[in-house]
Amino acid sequence: MRMKNLFAILRRKVLVCCMVMLLASGAAFALEISDLHLPLTRDEADDTLSKEYISEVLNDGTLRRSWQLENRKVFIDFNVGTGNAILIAITYNKPVSKKVGLADANALAHGKFAKGSKWTLPKNDEARRMLLDEYGLENVVRRMMEDGSMIFCETDKDKKKILRVSAFVEKPKSNRWQLLTLKPKDSKTTALGGTVLGSNDVDAIYKDEERRRSIPLASSTSTSATGSSTPTAGSTESSPTRRRRGRRTVLGSTGHVDDDDVYKTSPGPSLDSLDSLDSNSTKEATKGGRSLSFHQPPPDWLKKVGIEDPQWWHYIVLGVGGLVLLLALLKSMMSASARSKQRKNYKKVVSQSSPMSGVKINRR
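A short tour of the structure in this document, coming up. Every value quoted in this text rests on a predicted model; they were computed, and no experiment measured them. (Residues numbered from 1 in each chain as written. Predicted model: local features only at pLDDT ≥ 70, side-chain atom pairs only at ≥ 80, totals over all residues. Heavy atoms only, no water.)

Observations regarding the overall build of the chain
And then number 1: What the chain contains, in helices and strands, is 10 helices and 10 strands.
And then number 2: Counting across all 364 residues of the chain, residues that qualify as buried make up 39%.
And then number 3: In the chain, 61% of the contacts between residues at least 6 apart in sequence involve partners at least 24 apart.
And then number 4: For the chain, the accessible surface area stands at approximately 21700 Å², while carbon and sulfur atoms represent 56% of it. (Helix = DSSP H or I, 4+ residues; strand = E, 2+ residues; numbered from the N terminus. Buried < 20%, exposed > 50% of the residue type's maximum accessible area, 1.4 Å probe, protein only. Contact = heavy atoms within 4.5 Å. Areas by Shrake-Rupley, 256 points an atom, 1.4 Å probe, with all protein chains shown as cover.)

Quick look at the structure:
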């Protein structure tokens, strides 16, 4: 009975481990801030980003995809006509420290800040009003990217916490934080370029989103064979897990407001802490990604079973499978031992209960 109880306990633990590993392998496909970048197309997002998003058609005719992460909501706005992302934003459920916010900003930038750029403040009150009215941003610092896009960090009034990180490809045509969501079968219409986006158009976009959601994520082997290495936030290389499809720099005709008109040419004293955190935050933002990578070539036996580019969850699943087989073997051995003992006990009982046992035979 003790052996049976032991096996039952082990079996329960294995089942729990299997459930945990399955959840962990599912988490491997969750969105990471380092997965985001600009330029970005809707097609590329279909291939590389987590499918756990909510789609919303906005009343200016654009499309928003939102992901809910731990203390963060991440969303990307796409121009439906061109397929290009026009905004990537990270909003925090609760304000975060500058260290955490800068780590996210650096992960989003992938080290592609413009040469010599630093976190800078608006130049004057007029610039601050323009940022509030057109960008919908208040209490911000910004940094320019190599391709002309901008990353903004929005702080609280005391400039001690970061509320939101956003990357704009170009100057927005309106305050994007105030846009309304159009639901399927919505009778509202809005302008999309020079055309009208009616309820049928809204339905078509939502149907297209469902089609795109079913597109499988591109395998990392599609680009790892090129020999590119995994980037850090301080590198200028692109992630090997992404498959570029029609990627290009998108600045548009409006562009951003000129630096000399809006921003100080050098960061003020209140930004020293941001600049000093910059390099440390970059290292922190990429620390987790390297710990789970495998740089050694996979064993031949993995290739034989069809695993060309093993990830960490492959090893976990294989380990759990091996543990299950080992427990099954132990169970078989214990069953065989129990049956052997039963046979011995049976023979012993039979020999003791035999009518000839214990009878002395007198021989003459």
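From this point, the discussion proceeds with the structure in view.
Re the sheet that holds strand S6 (residues 150-155)
And then number 1: The strand order across the open sheet formed by 8 strands is S5-S6-S7-S4-S3-S2-S1-S8, and the pairing between neighbours is antiparallel. Bordering the open sheet on either side are strand S5 (140-144) and strand S8 (181-182), each of which pairs with just one other strand.
And then number 2: Relative to strand S3 (residues 72-78), strand S2 (residues 63-69) runs antiparallel, the two being bridged by 7 bridges. In the sheet register, Gln-68 faces S3, and the bridge partner there is Lys-73. (Pairing = 2+ DSSP bridges.)

Brief notes about the packing of aromatic side chains
And then number 1: One pass over the full model with this rule turns up 7 aromatic pairs.
And then number 2: Both rings, one in Phe-75 and one in Trp-177, keep their centres 5.8 Å apart while their planes meet at 75°; by these two values the pair is edge-to-face. Highlighted residues: Phe-75 in strand S3 and Trp-177 in the loop between strand S7 (161-168) and S8, separated in sequence by 102 residues.
And then number 3: Judged by its relative accessible area of 5%, Phe-75 is buried.
And then number 4: Summarising the aromatic geometry, the rings of Tyr-135 and Phe-168 are spaced 5.1 Å apart at their centres and angled 75° between planes, so their arrangement reads as edge-to-face. Here Phe-168 lies in strand S7 and Tyr-135 lies in helix H4 (residues 125-135), a separation of 33 residues in the sequence. Per residue, the accessibility class of Tyr-135 equals that of Phe-168, and both read buried.
And then number 5: Taken together through their ring pairs, the aromatic side chains of Phe-75, Tyr-135, Phe-152, Phe-168 and Trp-177 make up a single cluster.
And then number 6: Its end group placed over the ring of Trp-177, Arg-164 keeps NZ or CZ at 3.6 Å from the ring centre.
And then number 7: Just above the ring of Tyr-53 sits the side chain of Arg-213; from NZ or CZ to the centre is 4.3 Å. (Phe/Tyr/Trp six-rings, centres within 6.5 Å; stacked < 30°, edge-to-face > 60°. Lys NZ or Arg CZ within 6 Å of the ring centre and 35° of its normal.)

Topic: the pairing of S3
And then number 1: Within S3, 6 of the 7 residues are buried, leaving the element largely enclosed by the surrounding structure.
And then number 2: The loop that links S2 with its antiparallel partner S3 comprises 2 residues; one of these, Asn-71, has a positive phi angle of about 60°.
And then number 3: Bridge count between S3 and strand S4 (residues 85-97): 7 bridges; the pairing is antiparallel. Its bridge partner lying in S4, Phe-78 is registered against Ala-85.
And then number 4: Linking S3 to S4, which pair antiparallel, is a turn of 6 residues; within it Gly-83 sits at a positive phi near 80°.

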